[in-house]
Amino acid sequence: MTTYQLEFGRLGETYPVPPLTVTAANRHELARRVEEHASPFLAPVLAELGRPELADCLFRTDRNATCGEFMWLDLAGGVGASFCAARIRVI
């Protein structure tokens, strides 16, 4: 198990997602926990920005889990977007 400390970036003119400290067994569990934490904070801001569909997103990290971002994908439409980057530290 590894403990991660995350600081989330800007979305629009705000920093809507508060910092998070989470213990997870792997990067996939980390991503699920981050999504659960961030969704309630992201959804209203995305709606205000006129992009409510982006709230149905996933969180991905780099290979070393030192940074991450939220991603929205429309596979049928062949489009996607990334937003609200995060800095990740192992503590």
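## Section: the state of the cysteines
1) Next: Inspection of every chain in the model, using the stated rule, returns 0 disulfides.
2) Next: Among the cysteines around C57, which has no disulfide bond, C84 carries the closest sulfur, lying 8.9 Å off.
3) Next: A residue is classified by how much of its surface remains accessible, and C57, at 18% relative accessible area, is buried.

## Overview of the sheet that holds strand β4 (residues 67-74)
1) Next: Read across the sheet, 5 strands follow the order β2-β1-β5-β4-β3 without closing on themselves; strand pairing throughout is antiparallel. Only two strands of the sheet have a single partner each, and these edge strands are β2 (20-24) and β3 (58-61). Across the sheet, the axes of successive neighbouring strands diverge by a mean angle of 35°, strand direction being ignored.
2) Next: Most of the contacts of helix α1 (residues 27-48) go to β2, to which it runs at about 150°, and overall it touches β1 (2-8), β2, β3, β4 and β5 (79-90).

## Some words on unusual backbone geometry
1) Next: A positive phi angle is found at A65, which is not glycine, with a value near 55°.
2) Next: Among the structural elements, A65 can be located in the loop between β3 and β4.
3) Next: Note on A65: relative accessible area 4%, which makes it buried.
4) Next: Residue C84 is not a glycine yet carries a positive backbone phi of 50°.
5) Next: In this fold, C84 is placed in strand β5.
6) Next: Residue C84 is classed as buried on the basis of its relative accessible area of 4%.

## Considerations on the nonpolar core
1) Next: In terms of nonpolar packing, the biggest core is built from 25 residues, with L6, F8, L42, F59, F70 and F83 touching the most fellow members.
2) Next: Listed by contribution, the elements that provide at least two residues to this core are β1, β2, α1, β4 and β5.
3) Next: Setting aside its immediate chain neighbours within four residues, L42 contacts L11, P16, V17, C57, F70, F83 and C84.

Quick notes on the rules
- Residues numbered from 1 in each chain as written.
- Predicted model: local features only at pLDDT ≥ 70, side-chain atom pairs only at ≥ 80, totals over all residues.
- Heavy atoms only, no water.
- Disulfide = S-S within 2.5 Å.
- Buried < 20%, exposed > 50% of the residue type's maximum accessible area, 1.4 Å probe, protein only.
- Pairing = 2+ DSSP bridges.
- Helix = DSSP H or I, 4+ residues; strand = E, 2+ residues; numbered from the N terminus.
- Axes fitted to C-alpha atoms, helices over the stretch in contact; angles between N-to-C directions.
- Contact = heavy atoms within 4.5 Å.
- Core = buried A, V, L, I, M, F, W, Y, C linked by side-chain atoms within 4.5 Å.

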